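Here is what each chain is made of, one letter per residue.
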Amino acid sequence: MTEPILKIRGLKAGVVDRSILNGIDLTIFPGETHALMGPNGSGKSTLAAVLAGREGYEVTDGEVWYAGKNLLELDPEDRAKEGLFLAFQYPVEIPGVNSTYFLKAAYNELRKYRGEPELDAADFLNFVKARVKLLELDESLLRRPVNEGFSGGEKKRNEIFQMAVLEPKLAILDETDSGLDIDALKIVANGVCKLRNAHNAQLVITHYQRLLNYIVPDRVHVLSEGRIVQSGDKELAMELEERGYDWLTKEAATA
Amino acid sequence: MSTSTDNIARLVQGEYKYGFVTDIEMDSAPPGLNESTIRLISAKKKEPEWLLNWRLDAYRHWLNMCLPQWAKVHYPPISFQEIIYYSAPQKRNDGPKSLTEIDPKLLETYEKLGIPLRERERLAGVAVDAVFDSVSVGTTFREELAKKGILFCSFSDAVRDYPDLVRRYLGTVVPPSDNFYAALNAAVFSDGSFCYIPKGVRCPMELSTYFRINTGKSGQFERTLLIADDGASVSYLEGCTAPMRDENQLHAAVVELIALNDAQIKYSTVQNWYPGDEEGKGGIYNFVTKRGHCRGRNSKISWTQVETGSAITWKYPGCVLQGDNSVGEFYSVAVTNHFQQADTGTKMIHLGKNTHSTIVSKGIAAGHGQNTYRGLVKVMPGASHARNFSQCDSLLIGDQCGAHTFPYIEVKNTTAQVEHEASTSKIGEDQIFYCNQRGISTQDAVSMIVNGFCKEVFRELPMEFAVEAQKLLGISLEGSVG
Ligand SMILES: Nc1ncnc2c1ncn2[C@@H]1O[C@H](COP(=O)(O)OP(=O)(O)OP(=O)(O)O)[C@@H](O)[C@H]1O
Ligand SMILES: [Mg+2]
């Protein structure tokens, strides 16, 4: 049997005075796409942050294996270089730093880590141009500082564009669909689908079933109060769309 | 996270690369300051009487002056009687010094600092005057420049070889009575660089002075005098370093620039004096007066400074825009990390018609650093249609540091146009994490963000030095984000 890309066992985590994730189990195999849904404040972004290694969250119990490595022991930048990518729910602006320069630095860090020669500016630009087409991204964004003054939708598209350049093994998309107009949604979803292959995996966090029409998930999980209370196939997303989360959270509470 | 703490500790230790001491025999005056100290300095340099008298006048004036108190910097009182005012490497003979006679230990020192003076290894396209403690130890490319009529030598040599020029211009931009430290400098200055670009000549290479403090307890008081005659142009660069010592050392320099009709002077500084340790112990007090005088019409003086070193920096390179249509520029990056303090900015004094000035100041504060921009834009009644644009941005790293902005504007002509913009931002944890998540280390992220913040200033530096300045900035901020 192939090794999972991500294996989470009994993960509990939180901030100083508060526990947010209360025992999560999740296994994702290569070639799979999982969707993570759940009400506001249920801990979806926190899970993404803990996986990416954000400071300020403390893991109190459980373990996380990523491609055979103990993920929680790696620095955030090493997790990234190992191919873990987080498309941020709220992408950060970095004034004064040119987007192309930033992306080239990120890309070359990856190459150095893998023992490959770094790309120079010209080669990188050629490589990027090809990726720009895939996402139908407005090229002028690449000449601007990272995310600065980008519209909400542009920021989200830029995240997926970065993903297309960095070609991660595991991509976590945190509500990449919210704030996108319907055409942009199709383009982004299309881009994600083109990047899917038998060796990588996606964890797609969303509130809307409509995204899952384009990025069809193998599994759908519902998070509530820091626990996965229900898992199923894509039909579960349909059911949630109709019935909301209430029935599940109540079930979980009485269980 | 113990690994990142280890890394930071290691980086901080390796922080200041120039902290070594050269073991060389020195000819030093005893500590203390009185008229005989000044006579001694003047005699050592075999100066003409007019210069000795000029020094003594300055000294007598200084005795009646008070320390400037208005700057936002704090330090214990300096005891001026404990400073050594003259310190020079022992000369092996009294003959005229040429580069081949320089003590090999000095050559080695400058090589270690990345400034080779030996003929074969000189920096291509850059002429260097190397000042070690109180005296200039060598000037490269002097003969080559002389062929174009360019005079470039140590201040002492200029007093001997071109006394008329020195006498005509010395103290005409920064008079000895200008301020406390300028007066002190006029009394005790020991050397520095002199440069004269004749009419219509574009200087074919970068000129530079490299200052090095070596002896403990010594002060460094050098003077630079640079004159660009009608239609001349020159680009000048200044660098400086000092050993790591626990006590503070005083550096009080004066720089005077004079641009005549249609002349252009570009003066760049990369200041890397020893900043003191992480606890704020030791470091150089950098109390410097720099001023340019756009004396002729259509003249231009441009200051660019990258200030990363010194425990305390107190300097305001300014321009007096006297000639009609003259232009003054000030581009500055000032970094304060650990317990460094900087109170720096510029003065733009508009006297002539149609004079323009531009000020771009980027202050970066990290650790417990305190960074102040202080600037004056003054438009006098005769300066019709004068224009100024000022932009002062501050970047904070961490929450123990401070940034302050004091722009003073005085306008006495109604046709003048003065614009001021200011901003303060902070490198946030979310920005760092965003970079980390893309595989970029914290150190590289800070350096990237800071360089992005400073790019309008770096653009003004000569190419080779822009790269150097970027590296320097990275080094001074190492360990600033944990
Ligand atoms: N750094 C933090 N400090 C304090 N509380 C936090 C922190 N991060 C998250 N929380 C809290 O943890 C809970 C889960 O937050 P999280 O952002 O993970 O929710 P989410 O499922 O992503 O919600 P949404 O659908 O609104 O994006 C919320 O109540 C939130 O306020
Ligand atoms: Mg969220």
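Residues numbered from 1 in each chain as written. Chains lettered and ligands numbered in written order. Predicted model: local features only at pLDDT ≥ 70, side-chain atom pairs only at ≥ 80, totals over all residues. Heavy atoms only, no water.

### Quick notes on the sheet that holds strand β4 (residues 58-66) of chain A
Residues and elements named next belong to chain A.
Turning to step 1, where the next piece is worked out: Strand order in this open sheet of four strands is β2-β1-β4-β5, and the pairing throughout is antiparallel. Strands at the two margins of the open sheet, each flanked by one partner only, are β2 (18-28) and β5 (69-70).
Turning to step 2, where the next piece is worked out: Bridge count for strand β1 (residues 6-15) against β4 is seven bridges, and the pairing is antiparallel. The partner of G14 across the bridge, within β4, is E58.
Turning to step 3, where the next piece is worked out: Sheet contacts for helix α1 (residues 44-52): β1, β2 and β4; angle to β1, the most-contacted strand, approximately 110°. (Pairing = 2+ DSSP bridges. Helix = DSSP H or I, 4+ residues; strand = E, 2+ residues; numbered from the N terminus. Contact = heavy atoms within 4.5 Å. Axes fitted to C-alpha atoms, helices over the stretch in contact; angles between N-to-C directions.)

### Concerning the interface of chain B and chain A
Note: interface size is frequently given as the accessible area lost on complex formation between the parts.
Turning to step 1, where the next piece is worked out: Every contact between the two is made by 20 residues of chain B and, on the other side, 31 residues of chain A.
Turning to step 2, where the next piece is worked out: Interface of chain B and chain A: buried area, both sides summed, is about 2100 Å²; carbon and sulfur atoms make up 64% of it.
Turning to step 3, where the next piece is worked out: Considering only the side of chain B, the residues that lose the most area to chain A are F433, Y434 and R438 of chain B, jointly responsible for 35% of the buried surface there.
Turning to step 4, where the next piece is worked out: Across the chain B-chain A interface, the total number found is one salt bridge.
Turning to step 5, where the next piece is worked out: Residue R438 of chain B pairs with E159 of chain A through a salt bridge whose shortest N-O separation is 2.7 Å.
Turning to step 6, where the next piece is worked out: Our enumeration of links across chain B and chain A arrives at ten residue pairs in polar contact (both at pLDDT 80 or more).
Turning to step 7, where the next piece is worked out: Mapped onto the side of chain B that touches chain A, the elements with two or more residues apiece are α9 (429-437) and α10 (442-458) of chain B.
Turning to step 8, where the next piece is worked out: Ranked by residue count, the leading element in the side of chain B that touches chain A is α9 of chain B, at seven residues.
Turning to step 9, where the next piece is worked out: Looking at the side of chain B that touches chain A residue by residue, the class counts come to seven nonpolar, nine polar and four charged. (Buried area = accessible area lost by both parts, 1.4 Å probe. Salt bridge = Lys/Arg side-chain N within 4 Å of Asp/Glu carboxyl O. Polar contact = N/O pair within 3.5 Å; in protein donor to acceptor, adjacent residues only side chain to side chain. Nonpolar A, V, L, I, M, F, W, Y, C, P; charged D, E, K, R; others polar.)

### Structural notes on the packing of aromatic side chains
Turning to step 1, where the next piece is worked out: Using the criterion set out here, one finds 27 aromatic pairs over all chains in the structure.
Turning to step 2, where the next piece is worked out: Between F124 of chain A and F127 of chain A, the ring centres sit 6.3 Å apart and the planes meet at 50°, which makes this aromatic pair tilted. Of this pair, F124 of chain A and F127 of chain A both sit in helix α4 (residues 121-135), three residues apart, which is roughly one turn of the helix.
Turning to step 3, where the next piece is worked out: A relative accessible area of 0% places F124 of chain A in the buried class.
Turning to step 4, where the next piece is worked out: Each member of the aromatic cluster is reached from another via a ring pair, and the members are Y59, W62, W70, Y75, F80, F180, Y181, Y285, F287, W314 and Y316 of chain B. (Phe/Tyr/Trp six-rings, centres within 6.5 Å; stacked < 30°, edge-to-face > 60°. Buried < 20%, exposed > 50% of the residue type's maximum accessible area, 1.4 Å probe, protein only.)

### Brief notes about the packing of α4 of chain A against helix α6 (residues 182-195) of chain A
Residue and element names in this part refer to chain A.
Turning to step 1, where the next piece is worked out: At a minimum axis distance of 8 Å, the contact between α4 and α6 shows a crossing angle of 125°. Taken together, the axis directions place α4 and α6 in an arrangement best described as oblique. On the side of α4, the interface is formed by R131, L134 and L135, while α6 contributes I187, G191, K194 and L195.
Turning to step 2, where the next piece is worked out: Split by residue class, the contact of α4 with α6 holds four nonpolar, one polar and two charged. (Parallel < 35°, antiparallel > 145°, perpendicular 65-115°, else oblique.)

### Description of the side chain of E47 of chain B
All names here are of chain B.
Turning to step 1, where the next piece is worked out: Within the secondary structure layout, E47 lies in the loop between α2 (35-44) and α3 (49-63).
Turning to step 2, where the next piece is worked out: Here the side chain of E47 touches S42 through a polar contact of 2.7 Å, side chain to side chain.
Turning to step 3, where the next piece is worked out: At 2.7 Å, the side chain of E47 and the side chain of R55 are in polar contact.
Turning to step 4, where the next piece is worked out: Every residue in contact with E47, bar those within four places of it in the chain, is listed here: S42, L52 and R55.

### So, the sheet that holds strand β3 (residues 33-37) of chain A
Residue and element names in this part refer to chain A.
Turning to step 1, where the next piece is worked out: Spatial strand order, β6-β9-β10-β3-β11-β12: six strands in an open sheet with mixed pairing. Two strands in the sheet have a free side with no partner beyond their single neighbour: β6 (84-87) and β12 (227-232). Adjacent strand axes in the sheet meet at a mean angle of 20° when their direction is disregarded.
Turning to step 2, where the next piece is worked out: Relative to strand β10 (residues 201-205), β3 is paired through four bridges, and the arrangement is parallel. What sits directly across from T33, in β10, is Q202.
Turning to step 3, where the next piece is worked out: Contacting β3, β11 (219-224) and β12, helix α8 (residues 234-243) runs over the sheet at an angle of about 45° to β11.

### Remarks on the coordination of the magnesium ion (ligand 2)
Tetrahedral coordination by four donors places them ideally at 109.5 degrees to one another around the metal; octahedral coordination by six donors ideally gives 90 or 180 degrees.
Residue and element names in this part refer to chain A.
Turning to step 1, where the next piece is worked out: Taken together, S45 (OG) and Q89 (OE1) make up the full set of protein donors to the magnesium ion (ligand 2), lying 2.0 to 2.3 Å away. Separated by 44 residues along the polypeptide, S45 in helix α1 and Q89 in the loop between β6 and β7 (94-98) bring together distant segments of the chain.
Turning to step 2, where the next piece is worked out: For S45, a relative accessible area of 30% puts it in the partly exposed group. (Donors = N, O, S within 2.8 Å, 3.2 Å for Na, K, Ca; no water.)

### Description of the site of ligand 1
All names here are of chain A.
Turning to step 1, where the next piece is worked out: Residues in close proximity to ligand 1 total 15 residues, the closest being G41, K44, S45, T46 and Y57.
Turning to step 2, where the next piece is worked out: Between ligand 1 and the protein, one listed contact pairs an oxygen atom with a side-chain N or O atom of N40 at 3.0 Å.
Turning to step 3, where the next piece is worked out: At 3.2 Å, a side-chain N or O of Q89 approaches an oxygen atom of ligand 1.
Turning to step 4, where the next piece is worked out: Protein contacts shield 65% of the accessible area of ligand 1, which totals 630 Å² for the unbound molecule.
Turning to step 5, where the next piece is worked out: At the level of elements, β2 and α1 are the ones that each hand at least two residues to the shell around ligand 1.
Turning to step 6, where the next piece is worked out: Sorting elements by how many residues they give to the shell around ligand 1 places α1 first, with three residues.
Turning to step 7, where the next piece is worked out: Residue composition of the shell around ligand 1, by class: four nonpolar, eight polar and three charged. (Near = heavy atom within 4 Å. Areas by Shrake-Rupley, 256 points an atom, 1.4 Å probe, with all protein chains shown as cover.)

### Considering the confidence of the model for chain B
Low pLDDT marks regions whose predicted coordinates should not be analysed in detail.
Turning to step 1, where the next piece is worked out: This prediction gives chain B a mean pLDDT of 86; 89% of its residues lie at or above 70.
Turning to step 2, where the next piece is worked out: Across residues 1-14 of chain B, where pLDDT falls below 50, the model places ten contacts with residues more than four positions away in sequence or in other chains. (pLDDT = per-residue confidence, 0-100.)

### Observations concerning the nonpolar core
All names here are of chain B.
Turning to step 1, where the next piece is worked out: Counting residues in hydrophobic clusters, the biggest one holds 96 residues, and the most contacted among them are I364 and V450.
Turning to step 2, where the next piece is worked out: Broken down by element, this core gets its largest block of residues, nine residues, from α10.
Turning to step 3, where the next piece is worked out: Non-local contacts of V450, meaning those with residues more than four positions away in its chain, are made with I364, L395, I397, I427, L473 and L477.
Turning to step 4, where the next piece is worked out: I83, V159, F221 and Y316 belong to the second-largest nonpolar core, a separate cluster that totals 53 residues. (Core = buried A, V, L, I, M, F, W, Y, C linked by side-chain atoms within 4.5 Å.)

### Points about the pattern of salt bridges
All names here are of chain B.
Turning to step 1, where the next piece is worked out: With the rule as written, the count across this model stands at 31 salt bridges over all chains.
Turning to step 2, where the next piece is worked out: Across the salt bridge formed by D161 and R160, the nearest N and O atoms sit 3.0 Å from each other.
Turning to step 3, where the next piece is worked out: Its relative accessible area of 33% is what places D161 among the partly exposed residues.
Turning to step 4, where the next piece is worked out: Assessed through its relative accessible area of 57%, R160 is described here as exposed.
Turning to step 5, where the next piece is worked out: The residue E410 makes a salt bridge to K378 at a minimum N-O spacing of 3.8 Å. Here E410 is found in strand β22 (residues 402-411), whereas its partner K378 is found in strand β20 (residues 370-379), with 32 residues between them in sequence.
Turning to step 6, where the next piece is worked out: For E410, a relative accessible area of 33% translates into the label partly exposed.
Turning to step 7, where the next piece is worked out: For K378, a relative accessible area of 22% translates into the label partly exposed.

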